[in-house]
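So the chains spell out like this:
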Amino acid sequence: MDGLVIGLDLNDDYTQISCYGNEISWTVPTVICRKKEEEIWLTGEDAYAATLIGEGVIVDKLLKMVKKEGTATIGGICYTGASLLKIFLERVLEYPFKENGKKRVAQLVVTMQTADARVTDTLMYCADAMEIPRERVHVISHTESFAYYVLSQRKELWSNQVGLFELAADRLCYYEMKVQRGMRRNMVQAEAQEQEESFNLDILDTLSGRKLADQILSSCGEKLLSKKLFSTVFLTGKGFERADCKDWAGSFMNLVCSQRRVFVEKGLFARGAALKGQDYMNPVTEYPYIFVCEGRLKAEVALKVMRNGREVLLAVASYGDNWYESKSSLELILEDEKEIEFIISHLDSRKKKIVKVPLTGFPNRPPKTTRIEMNIGFTDENTMVTVIRDKGFGELFPAAGAVVRQEVSL
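Residues numbered from 1 in each chain as written. Predicted model: local features only at pLDDT ≥ 70, side-chain atom pairs only at ≥ 80, totals over all residues. Heavy atoms only, no water.

Asks: When you look at the overall build of the protein chain in this model, what are you seeing that I'm missing?
Replies: Helices and strands together make up the secondary structure of the protein chain, namely eleven helices and 24 strands. Taken over the C-alpha atoms alone, the protein chain extends approximately 80 × 60 × 40 Å along its principal axes. Sorting the 410 residues of the protein chain into buried and exposed places 50% on the buried side. In the protein chain, 64% of the contacts between residues at least 6 apart in sequence involve partners at least 24 apart. Working note: accessible area of the protein chain is about 20,400 Å², and carbon and sulfur atoms make up 48% of it. Seen as two clouds, the 54 positive and the 58 negative side-chain charges of the protein chain have centres 4 Å apart. (Helix = DSSP H or I, 4+ residues; strand = E, 2+ residues; numbered from the N terminus. Buried < 20%, exposed > 50% of the residue type's maximum accessible area, 1.4 Å probe, protein only. Contact = heavy atoms within 4.5 Å. Areas by Shrake-Rupley, 256 points an atom, 1.4 Å probe, with all protein chains shown as cover. Lys, Arg positive; Asp, Glu negative; His and termini not counted. Charge placed at Lys NZ, Arg CZ, Asp CG, Glu CD.)

Asks: Sorry, what's going on with the pattern of salt bridges here?
Replies: Here the idea is simple: oppositely charged side chains can pair when their charged atoms come close. Evaluated as defined, the whole model comprises 22 salt bridges. Notably, a salt bridge pairs D390 with R365, separated by 2.9 Å at the nearest N-O pair. Linking D390 in strand β23 (residues 383-392) with R365 in the loop between β21 (353-358) and β22 (370-380), this pair joins segments that are 25 residues apart in sequence. R389 is the partner of E373 in a salt bridge, and the nearest nitrogen-oxygen pair spans 3.8 Å. Taken together, the residues span a long stretch of sequence, with E373 in strand β22 and R389 in strand β23 at a distance of 16 residues. Bridged by salt links that share partners, the residues K86, E90 and R91 form one connected network. (Salt bridge = Lys/Arg side-chain N within 4 Å of Asp/Glu carboxyl O.)

Asks: Just to check I follow, could you spell out the sheet that holds strand β19 (residues 328-334) for this structure?
Replies: To summarise the sheet geometry, strands pair through backbone hydrogen bonds and adopt either a parallel or an antiparallel arrangement. Pairing is antiparallel in the open sheet, where four strands are placed in the order β19-β22-β23-β24. This sheet does not close on itself; its edge strands, each paired only once, are β19 and β24 (403-409). The average angle at which neighbouring strand axes cross in this sheet is 25°, direction not considered. Across seven bridges, β23 lies against β24 in antiparallel orientation. Counterpart to V387 in the pairing with β24 is R405. (Pairing = 2+ DSSP bridges. Axes fitted to C-alpha atoms, helices over the stretch in contact; angles between N-to-C directions.)

Asks: What should I look at first to understand helix α7 (residues 207-225) in this one?
Replies: Given 3.6 residues per turn, any residue in an α-helix points the same way as the ones three and four places further on. With 19 residues, α7 extends 27 Å between its outermost C-alpha atoms, agreeing within 8% with the 27 Å of an ideal straight helix rising 1.5 Å per residue. Looking only at α7, the buried set comprises G209, A213, D214, I216, L217, S218, C220, G221, L224 and L225. K227 sits one or two residues past α7 and shows a positive phi near 65°. (Expected span 1.5 Å × (residues − 1).)

Asks: What should I look at first to understand helix α3 (residues 81-92) in this one?
Replies: With twelve residues, α3 extends 16 Å between its outermost C-alpha atoms, agreeing within 8% with the 16 Å of an ideal straight helix rising 1.5 Å per residue. Turning to α3, its buried residues are G81, S83, L84, L85, K86, I87, F88, L89 and V92.

No statement about biological role is implied by the geometric values presented.
Here's what the structure looks like:
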């Protein structure tokens with residue numbers, strides 16, 4: 001497919017854009033400004049400049065606005081968070097479009113620290129408005145994009161544990177990844193840990209603040225890296241991208257560099273997202289692993305059904321599926337069941353459980369004369385939603401209109 005494969009790291013502080021196969025990347029503050037006298041929109045540094053000279057009205061915290069279904073009134077017009085995010089995305093995608101001379105998107109993978117259903121739904125709405133087919137748009141967590149970035153590197157860089165410190169404007173987050181090789185399929189386990197000892201990068205403007213920042217990082221490093229064998233540690237985020245990083249974070253750098261490979265990688269999450277996007281283009285994945293990380297299901301959901309006279313387990317959701325994209329729709333004929341049993345299996349077999357969904361309000365019929373439609377989706381990686389509808393059974397037993405909707409905790 002002729003088009004760009006774009007990875008986009010989206011957060012309320014700044015947005016980073018990376019194209020697969022292109023070394024150039026872009027970092028843009030996540031703000032949008034409308035000029036006061038006319039509907040002209042500016043983003044990033046241009047938005048700040050227009051606001052400083054009094055020509056525009058700026059809006060920031062776009063993701064927070066979307067999550068809270070907030071609005072902003074500019075020039076007497078009320079804009080929703082979703083509409084402002086759409087305009088912002090249209091503007092920032094102009095960077096790779098102009099650089100590559102293309103406006104067609106083959107794959108767009110958006111990565112965020114945490115993605116919920118409302119923000120993901122809004123991003124799909126934005127894709128519709130930008131005429132990007134939804135099947136080309138995917139949303140993944142920072143944890144997953146980190147894993148894809150690491151797995152694209154030389155194997156010796158991830159033969160053991162891999163750590164990542166992200167030092168953003170007001171956040172310190174630690175990520176850890178490990179590849180586990182099994183008898184059937186290999187597994188990638190990755191997790192993120194927000195650090196309570198975070199600090200705002202503004203403290204680096206003073207000598208005492210730099211010393212404190214180095215102490216905080218060193219303390220976190222000692223706690224997180226001790227008693228583990230690491231192949232590599234990556235550093236990313238605005239704090240580590242500063243030219244003076246080695247000066248103010250000297251103790252921390254000495255700690256992490258002791259007997260380990262250490263790399264400072266700008267735009268790591270956006271680049272990981274672009275790698276994920278390219279993998280969607282391949283007929284066979286280059287990453288044949290089960291991913292166990294934020295944004296992926298950590299359990300398998302199955303039903304017992306009869307097929308050709310034999311009882312079998314029918315999986316409706318599997319380990320490692322993207323929760324937002326994991327959707328199932330099927331039709332079943334009931335024997336004489338009054339409830340549907342879901343078998344939920346975890347990697348830890350001790351957590352296996354059966355959840356029963358009663359068919360409340362469904363009519364009593366003879367065996368094998370009730371046909372149901374079952375739709376299954378997820379509101380997050382831990383919550384399944386099932387909607388079961390009575391479809392009747394031909395003219396003899398018309399549909400009664402009964403519907404059951406139930407959330408199931410994994």
